[in-house]
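Chain and residue survey
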Amino acid sequence: MGATEQGPQQVGDGEEPQSDDEESTAVLRTVGKVIKMCRERQGMTQAELGAAIRYSEEQVSSVERGRRAPKPAFLEAADKVLEAGGLIAGLQKDVEEARYPKKVRDLKKLEAEAVEICAYDNSVVNGLLQTEDYLRAVFGTRRPAFSEDEVEELVAARLARQKILHSGRMIPAFSFVHDEASLRRQVGGRMVWRQQLERLLDIGQMRNVEIQVLPFEREDNPGLDGPFHLLRLREGTTVGHCDVQLVSRLISDRREVQTLELRYGTIRAQALTPHESLAVIEKLLGET
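Quick caveat: nothing in here was measured; it's all calculated off a predicted structure.

With respect to the overall build of the protein
- When you go through the protein residue by residue, the secondary structure sums to 12 helices and 8 strands.
- When burial is assessed residue by residue, the protein has 46% of its 288 residues classed as buried.
- Excluding contacts between residues fewer than 6 apart, the proportion of contacts in the protein whose partners are at least 24 apart in sequence is 75%.
- For the protein, the exposed surface amounts to about 14900 Å²; the carbon and sulfur share of it is 50%.

Focus on the side chain of Ser 182
- By the element assignment, Ser 182 lies in helix H9 (residues 180-184).
- Engagement of the side chain of Ser 182 in a polar contact is seen with the backbone oxygen of Asp 179, the distance being 2.6 Å.
- The residues contacting Ser 182, other than those within four sequence positions of it, are Asp 121, Asn 122, Ser 123, Val 124, Val 125 and Tyr 134.

As for the environment of Asn 208
- By secondary structure assignment, the location of Asn 208 is in the loop between helix H10 (190-203) and strand S5 (209-214).
- Accessibility expressed as a relative area gives 22% for Asn 208, which makes it partly exposed.
- On a C-alpha basis, the gap between Asn 208 and Ile 171 in space is 7.8 Å, while along the polypeptide they are 37 residues apart.
- Excluding its chain neighbours within four sequence positions, the residues that come into contact with Asn 208 are Ile 171, Pro 172, Ala 173 and Phe 174.

Section: the nonpolar core
- Counting 34 residues, the largest nonpolar core has Leu 129, Phe 174, Phe 176, Leu 200 and Ile 281 as the members making the most contacts within it.
- Residue assignment for this core shows that the elements contributing at least two residues are helix H6 (102-113), strand S3 (114-121), helix H7 (132-140), strand S4 (173-179), H10, S5, strand S6 (228-233) and helix H12 (274-287).
- In terms of residues, this core owes the most to one element, H10, which gives 6 residues.
- In terms of nonpolar packing, the next biggest core, distinct from the first, is built from 21 residues, Phe 74, Leu 75, Leu 82 and Ala 84 among them.

So, the pattern of salt bridges
- Tallied over the full model, the rule gives 16 salt bridges.
- Between Arg 268 and Glu 210 there is a salt bridge whose closest N-O contact spans 2.8 Å. In this pair, Arg 268 sits in helix H11 (residues 254-270) while Glu 210 sits in strand S5, placing the two residues 58 residues apart along the sequence.
- Judged by its relative accessible area of 32%, Glu 210 is partly exposed.

Some points on the confidence of the model for the protein
- Of the residues in the protein, 90% reach a pLDDT of 70 or more, and the chain-wide mean stands at 87.
- Contacts of residues 1-19 to residues separated by more than four positions or lying in other chains number 59 contacts, the stretch itself having pLDDT below 50.

Some thoughts on the pairing of S4
- Counting buried positions along S4 gives 6 out of 7 residues, so the element sits mostly inside the fold.
- With 6 bridges joining them, S3 and S4 adopt parallel strand pairing. Paired with Ile 117 across the two strands is Phe 174, which belongs to S4.
- Inspection of the sheet shows S4 paired to S5 by 6 bridges, in the parallel sense. Of the residues in S5, the one forming a bridge with Asp 179 is Leu 214.

A few points about the packing of H7 against helix H8 (residues 148-162)
- Orientation of H7 relative to H8, taken along the N-to-C sense of each, is 135°, at an axis distance of 10 Å. By the criterion of interaxial angle, the relationship of H7 to H8 is oblique. Once H7 is placed against H8, the crossing between them reads as right-handed. Facing H7, whose interface residues are Glu 132, Leu 135, Arg 136 and Phe 139, H8 presents Val 151, Glu 152, Leu 154, Val 155, Arg 158, Leu 159 and Gln 162.
- Of the residues contributing to the contact of H7 with H8, the split by class is 6 nonpolar, 1 polar and 4 charged.

Concerning the side chain of Arg 158
- Along the chain, Arg 158 falls in helix H8.
- Buried charge without a partner: Arg 158 forms no salt bridge, and the closest opposite charge is Asp 243, 5.6 Å away.
- In terms of polar contacts, Arg 158 uses its side chain to reach the side chain of Gln 130, at 2.9 Å.

Cut-offs and rules
- Residues numbered from 1 in each chain as written.
- Predicted model: local features only at pLDDT ≥ 70, side-chain atom pairs only at ≥ 80, totals over all residues.
- Heavy atoms only, no water.
- Helix = DSSP H or I, 4+ residues; strand = E, 2+ residues; numbered from the N terminus.
- Buried < 20%, exposed > 50% of the residue type's maximum accessible area, 1.4 Å probe, protein only.
- Contact = heavy atoms within 4.5 Å.
- Areas by Shrake-Rupley, 256 points an atom, 1.4 Å probe, with all protein chains shown as cover.
- Polar contact = N/O pair within 3.5 Å; in protein donor to acceptor, adjacent residues only side chain to side chain.
- Core = buried A, V, L, I, M, F, W, Y, C linked by side-chain atoms within 4.5 Å.
- Salt bridge = Lys/Arg side-chain N within 4 Å of Asp/Glu carboxyl O.
- pLDDT = per-residue confidence, 0-100.
- Pairing = 2+ DSSP bridges.
- Axes fitted to C-alpha atoms, helices over the stretch in contact; angles between N-to-C directions.
- Parallel < 35°, antiparallel > 145°, perpendicular 65-115°, else oblique.
- Left-handed = near helix turned anticlockwise from the far one by under 90°.
- Nonpolar A, V, L, I, M, F, W, Y, C, P; charged D, E, K, R; others polar.
- Lys, Arg positive; Asp, Glu negative; His and termini not counted.

Written as structure tokens, this is what we have:
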């Protein structure tokens, strides 16, 4: 939250902890230097700036040193008090990106370069298609449990990735194949699950999206090892991505990518057509 009438905020309420990768650190240090430069130009101390924007001196110091990522309210208040003319407030997008885990940023960048994104999921609905309540429920099942701050960071990161479905730029083609089990699992409870199925039906109507269901009765399923993505990039290369248990990795080795392409081709061939698949989802929705 930003400034309130209750006085300076406590650390952890006003800012998010800094990410531990070099790229994020560099961004946050640059943001801190800009804020410090603007503050000194106005002849203000950290304590005076903190009092003016209703944050503690410790928080201002942590932000200026690049140790914490300021929330939008901090940046907007500092921009106004320091008469920065939008220079500080304009850093919000950079700070928001720096808050995301590095593996999310790397995947998001690749997705932005893709002309086609293919995904197979056998446990839960694909992350790009999840409703906010559904994805919160998914993160809520993790053990050891995430803290509230970690959940909010992960939710924000995934919702940011989902913007690619409605991007104003060249929108890629999407192919999603879901094992029937992933659609029947009532993650988050019946109402959350129903809303998720409804979202799948809506997105399945998009011209650049194909959603397919791999029925239980299909004997041939080379995706039993777990979910994976294939991202076909504009320059002609294909990159794979796997996120299973404690391992999340991008795959660029050509032989490994070819293995995933072979598996996905078989999975897609065994799945129902997009039209048949939407009918299955409608049937599941009607059974609830």
